[in-house]
Amino acid sequence: MSDQTPTTSRFTAQNQTTNERLSHTTVGLVGLADFRKRRAEVLEQQEREAREAAAAITRQHPNAPDRSQTGTPAAAVPVPSESETDRRHHQPPPKKKKKTTTKRTVKALVSFGDDDEENNQEEDGPQTTKPKSKNPTTESESDTKKIVNTSAPVIPKALTKAARLKEQAEKDALRKEFLILQAAVKQTEIAIPFVFYDGTNIPGGVVRVKKGDHVWLFLDKSRKVGAELGVGGDKNANARRDWARVGVDDLMLVRRGVIIPHHYDFYFFIMNKTLGPKGKRLFEYRAEAPLPAGDSAAAAATASGGVLKAGGNIGTLEGAGDDPEWTKVVDRRWYQRNKHIYPASVWQEFDPDVDYSKEIQRDTGGNAFFFSGTK
């Protein structure tokens, strides 16, 4: 029998290995997912071609072995002659080749840095993968929450024009309310008992002033009281005439051992609760507005004969029962002549920056007083 011409030459051009196909089809890929997809397509195409080639050979040669079960496509198989067919019957069947295409061979061509991870997954077997979140922003939001700087200052919320106008209106209302209360406090009358001092305490009387009045106004009223009483008449027959010549600048107000300048008002010391020597307040009066009409305290004062309005009984005013020796009216000329003698030697002019409550009184020589009768 003559030899037959091979009929599978048309399959020879497509008989390429997996590596060769991948080397041509994966040029330019940059993603692992694209590579895997392309590899699956190549393997599927290769298996399909192998099945087609095996089917064609089977139709022509029913006794030919089935190549569809092998891992690689069949090469061009020449048609065997009858003598060759007889010889093959006496030979053992050829062993089937295992699929030689591995991931390591494929990855030698293209690598995306996940070789170790993929090999570990293949060795360990199938693993359950965590499903991806449907919301792509969930992961980024969780990372953002982890790095929030809690020490950063809170950014104030932007205010609209209406909100700003409302806030400004509230501030103006509070300011007006404060000014009304302040004016009411300043208009409240108080009583200040005092003495004239020229080395000894000379009874003076009680002066009615307002909490908003200045010190010079108190000294002017005390000067008129001195002229009416004729203070110093036992030493000078013309005491009344001398008092008429005395001006406000010639007098000093000494409160608890502190010389109060003329330009200060009583409201300043009352609102600030200024402390003097020994931790006592210089002017201990209430900083609140006067009690409204019908209040129990006002009713009690009215029942006792006192009147809270201006020009009423001075004995019912706040401070009427204070010790007169707390407030001294002193002639400045006498002070200049005797300021080296106690108690004038320990008097000091008021300074708002000095804490008199912690000071220790000393004489001109720097010696501390263990006991002081200054009130």
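What comes next concerns the included structure. (Residues numbered from 1 in each chain as written. Predicted model: local features only at pLDDT ≥ 70, side-chain atom pairs only at ≥ 80, totals over all residues. Heavy atoms only, no water.)

Given a rise of 1.5 Å per residue, 29 residues ought to cover 42 Å, and the 42 Å separating the end C-alpha atoms of helix α2 (residues 32-60) matches this to within 8%. Turning to α2, its buried residues number three or more, namely Leu32, Phe35, Arg39, Val42, Gln46, Glu49, Ala50, Ala53, Ala54, Ala56 and Ile57. (Helix = DSSP H or I, 4+ residues; strand = E, 2+ residues; numbered from the N terminus. Expected span 1.5 Å × (residues − 1). Buried < 20%, exposed > 50% of the residue type's maximum accessible area, 1.4 Å probe, protein only.)

With that settled, consider the sheet that holds strand β1 (residues 189-197). One key point about sheets: their strands pair by backbone hydrogen bonds, in either a parallel or an antiparallel sense. The 6 strands lie next to each other as β2-β1-β5-β3-β4-β6, forming an open sheet whose pairing is mixed. Strands at the two margins of the open sheet, each flanked by one partner only, are β2 (201-210) and β6 (348-349). In this sheet, β2 lies alongside β1 in antiparallel orientation, the contact comprising 9 bridges. Its bridge partner being in β2, Pro193 is matched across the sheet by Val206. Each of β1, β2, β3 (251-255), β4 (258-260) and β5 (327-331) is contacted by helix α8 (residues 215-229), which is oriented at about 130° to β2, the strand it contacts most. (Pairing = 2+ DSSP bridges. Contact = heavy atoms within 4.5 Å. Axes fitted to C-alpha atoms, helices over the stretch in contact; angles between N-to-C directions.)

One pass over the structure, following the stated rule, counts 15 aromatic pairs. Ring geometry for Tyr264 versus Phe350: centroids 5.3 Å apart, planes at 90°, classification edge-to-face. Residue Tyr264 is located in the loop between β4 and α10 (266-272), and its partner Phe350 is located in the segment after β6; the two are separated by 86 residues in the primary sequence. In terms of burial, Tyr264 and Phe350 fall into one category: buried. Measuring from ring centre to ring centre gives 5.1 Å for Phe269 and Phe350, while their planes differ by 65°; the resulting arrangement is edge-to-face. (Phe/Tyr/Trp six-rings, centres within 6.5 Å; stacked < 30°, edge-to-face > 60°.)

Within this structure, the stated rule accounts for 8 salt bridges. We note a salt bridge from Lys171 to Glu167, for which the minimum N-O separation is 3.7 Å. Here the residue Lys171 and the residue Glu167 both occupy positions in helix α7 (residues 161-186), the gap between them amounting to 4 residues, near one helical turn. Take Lys171: its relative accessible area is 48%, and that puts it in the partly exposed class. The class for Glu167 is partly exposed, based on a relative accessible area of 35%. We note a salt bridge from Asp220 to Lys224, for which the minimum N-O separation is 3.8 Å. (Salt bridge = Lys/Arg side-chain N within 4 Å of Asp/Glu carboxyl O.)

Let us now look at the nonpolar core. The biggest cluster of nonpolar side chains holds 28 residues, and the ones touching the most others in it are Phe218, Leu219, Ile260, Phe283 and Phe350. Looking at this core, the elements that each hand over two or more residues are β1, β2, α8, β3, β4 and α10. Core analysis: the next-biggest nonpolar cluster, separate from the first, contains 10 residues, Trp334, Ala344, Val346 and Trp347 among them. (Core = buried A, V, L, I, M, F, W, Y, C linked by side-chain atoms within 4.5 Å.)

Contact geometry for helix α1 (residues 18-25) and α2: axes closest at 10 Å, N-to-C directions at 135°. Overall, the two elements α1 and α2 adopt an arrangement that is oblique. Relative to α2, α1 is oriented so that their crossing is right-handed. In this structure, α1 contributes Thr18, Arg21, Leu22 and Thr25 to the contact, and α2 contributes Arg38, Arg39, Val42, Leu43, Gln45, Gln46 and Glu49. Here the residues of the contact of α1 with α2 are counted per class, giving 3 nonpolar, 4 polar and 4 charged. (Parallel < 35°, antiparallel > 145°, perpendicular 65-115°, else oblique. Left-handed = near helix turned anticlockwise from the far one by under 90°. Nonpolar A, V, L, I, M, F, W, Y, C, P; charged D, E, K, R; others polar.)

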